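Observations on chain architecture
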Amino acid sequence: MSFVIPADTKISDIKYKFFTCMHCEELHTKVLQRTYFDSFDWRIYCAGGVIEEEIGTSGVSLRWRNVVPIETFGNISINKKIRFVWDLPVCSLRERLEPILDVRALLPLLCMNCQAHGLIVLNKDKKTVARLSIEENRILGSTKSKSLKLPAILYAESVKGYDTVFKEILQVIDQQLALEVDDQGMVQRAMAAVELQPASYSSNLNLLLSPETHIEVVMRNILLRLLEMMQVNERGIRSNLDSEFLHDFRIAVRRSRTALGQIKGVLPHKIWVRFSRKFEWLGEITGPTRDLDVYLLNFVAYKKSLPLPVRDDLDPFYYFLMKHQTIEHKKLVMHLESARYIKMTAAWLAYLKAPLSERTTLPNAHCSTLDVANSRIWHMVRRVVKEGEAISASSPPGDLHQLRKSCKKLRYLMDFFRSLYPTEEINKLINTLKLLQNKLGQYQDIHIQIASLETYRTQMKSESGAADRTLVAIDIVIQTLEQRQSHVRKMFKSRFAAFAEIKNRVAFRRLFKPKIQKDTLFQ
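Conventions and cut-offs
Residues numbered from 1 in each chain as written. Predicted model: local features only at pLDDT ≥ 70, side-chain atom pairs only at ≥ 80, totals over all residues. Heavy atoms only, no water. Phe/Tyr/Trp six-rings, centres within 6.5 Å; stacked < 30°, edge-to-face > 60°. Buried < 20%, exposed > 50% of the residue type's maximum accessible area, 1.4 Å probe, protein only. Helix = DSSP H or I, 4+ residues; strand = E, 2+ residues; numbered from the N terminus. Lys NZ or Arg CZ within 6 Å of the ring centre and 35° of its normal. Pairing = 2+ DSSP bridges. Core = buried A, V, L, I, M, F, W, Y, C linked by side-chain atoms within 4.5 Å. Contact = heavy atoms within 4.5 Å. Axes fitted to C-alpha atoms, helices over the stretch in contact; angles between N-to-C directions. Parallel < 35°, antiparallel > 145°, perpendicular 65-115°, else oblique. Left-handed = near helix turned anticlockwise from the far one by under 90°. Salt bridge = Lys/Arg side-chain N within 4 Å of Asp/Glu carboxyl O.

1. Focus on the packing of aromatic side chains
Scanning all chains against the criterion turns up 21 aromatic pairs. Relative to Phe73, the ring of Trp64 has its centre 5.0 Å away and its plane inclined at 70 degrees; by these criteria the two rings are edge-to-face. Assessed through its relative accessible area of 5%, Trp64 is described here as buried. Taking relative accessible area as the criterion, Phe73 reaches 22% and is therefore assigned partly exposed. Look at Phe496 and Phe499: their rings are 6.3 Å apart centre to centre, the planes differ by 40 degrees, and that puts the pair in the tilted class. Here Phe496 pairs with Phe499, and both are found in helix H15 (residues 468–499), just three residues apart, close to one helical turn. Judged by relative accessible area, Phe499 falls into the buried class, the value being 2%. Over the ring of Phe245 we find Arg104; its NZ or CZ atom is 4.6 Å from the centre of that ring. A cation sits over an aromatic face here: Arg340 above Trp281, 4.0 Å from the ring centre.

Right, dumping it as structure tokens:
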């Protein structure tokens, strides 16, 4: 258990009280430095904890712990900085963190100096029956001062089999020291002190919409939220902190393009044309870096697909990818720092925040949000079903890619307007759509990877005269991908059938089909 020590209470007085009430021994005061980490999108915090790096005289340890009450989920000694979960040695902590962090980097949230004053409580036989620790913490690098002192915390830990003694300790804490239980926790208190808001970023839109609001109002709110998501990820892209900053940026761009393409007659035509082109440009300039990010993330899987004796032959290909990712990333940063991009985002923000015209001539601006949502989602549902039913075993890859794009548009529309519908019903349909999207995504990703690997193989040979064994290793990877692509293609029919089955069609129709047919709306 932990208790907050008031600022006007001396640590020596706390120790004295315990020494006079029970048999205690004082341990050496430990001086520690602790740094707390999480991903940019707070994955560890949302999973109920925080990553704590502790540097002391005994070395450096990394632990995954709860915030309140203190509970350690995993602990490991380390001898290097950990940025990604795969930087950890193979251990249970890594295995448990991998599905949570995935490809996101651990970023420092807080750095603190700690003085830990330890006491042990002994019985007549001089056996340890309880442990006490008083910690004084200062936040380093605070914007308010060079360091920021936090309230000291008393930690009391029982030893199994000595519950009676621990009850006596709790009585001393409550009745003689009058300390309050620490319900907030030191980490959360520290974050509040430096105005750090946990879970302040999410790639989800989380919009709360009113069905009768005019769509022009909602459209601007959606696009403003997406612009905000783009801008908040810019720093991570520039610093190349992890690949998900660019991924989230590109998703915000694609969502913006979907909103512009699917909800027409709400923005002036000149604005629509101008910014549709600009968002298309953003898709183009971010594509090469994202593609190389994906290949680097897949590299371990590429190696594992090779026979063990030739796996190391693929390593030169990794350095080739790294080299070109660095080149493309520099180009992307130049684009993001260019006058063209800065002017675009400023003009877009100014337009979206400008007052709405009271006498608009835009044909669909005053339609209710629910009417628009129903019309556009129902339209895309029918398109997805029609395109999916037209695909046969002989259909070219381009047909599956077109279906994938239609599924994305449907998914984005459902995400935009999710709050207008019963949560359980729309979430179930979104999950059904996700399963189809995942299969289409796997097929398209493999198709692109095969073509790209063939291009990179030729480019690598011309640039550096790659060794034959490396080129052979790439060929084996391509062959493995072709086999996997064939397998995924065979699974499409059953996956689409599951999506388009009667119960799902009925659910889509019940939720989205307009009461008054308006299929031509926003065409």
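Alright, that's what it looks like, and here's the rest.
2. Here's the deal with unusual backbone geometry
Positive phi values are uncommon outside glycine, yet Glu195 reaches one of about 60 degrees. Along the chain, the position of Glu195 falls in the loop between helix H5 (186–193) and helix H6 (215–239). A relative accessible area of 65% places Glu195 in the exposed class. For Ala199, which is not a glycine, the phi torsion comes out positive at approximately 55 degrees.

3. Looking at the pairing of strand E10 (residues 152–158)
Extensive coverage of E10 is indicated by the burial of five of its seven residues. As paired elements, strand E1 (residues 2–5) and E10 share four bridges and run antiparallel to each other. Bridge pairing links Phe3 to Leu154 in E10. Pairing between strand E8 (residues 128–140) and E10: six bridges, direction antiparallel. Of the residues in E10, the one forming a bridge with Ile134 is Leu154.

4. Comments concerning the nonpolar core
In this structure, Phe317, Trp348, Met414, Phe417 and Phe512 are the most contacted members of the largest nonpolar core, which totals 100 residues. Tallying contributions element by element places helix H14 (residues 423–464) first for this core, with twelve residues. Those residues in contact with Phe417 that lie beyond four places of it in its chain are Leu209, Ile215, Val218, Ile222, Ile263, Thr369, Ala373 and Ile377. Counting residues in each nonpolar core, the second largest holds 22 residues, with Ile5, Ile11, Val129 and Ala130 among its members.

5. Some thoughts on the packing of helix H8 (residues 269–297) against helix H11 (residues 339–353)
At a closest axis distance of 11 Å, the pairing of H8 and H11 adopts a crossing angle of 140 degrees. It follows that H8 is oblique to H11 by the angle criterion. Read as a crossing pair, H8 and H11 show a hand that is left-handed. Where H8 approaches H11, its residues Ile271, Arg274, Phe275, Lys278, Phe279, Trp281 and Leu282 are matched on the opposing element by Arg340, Tyr341, Met344, Ala347, Trp348 and Tyr351.

6. Considering the pattern of salt bridges
Applying the stated criterion across every chain, the model contains 30 salt bridges. Overlapping salt bridges bring together Arg34, Glu52, Glu54, Arg63, Arg65 and Glu135 as one network.

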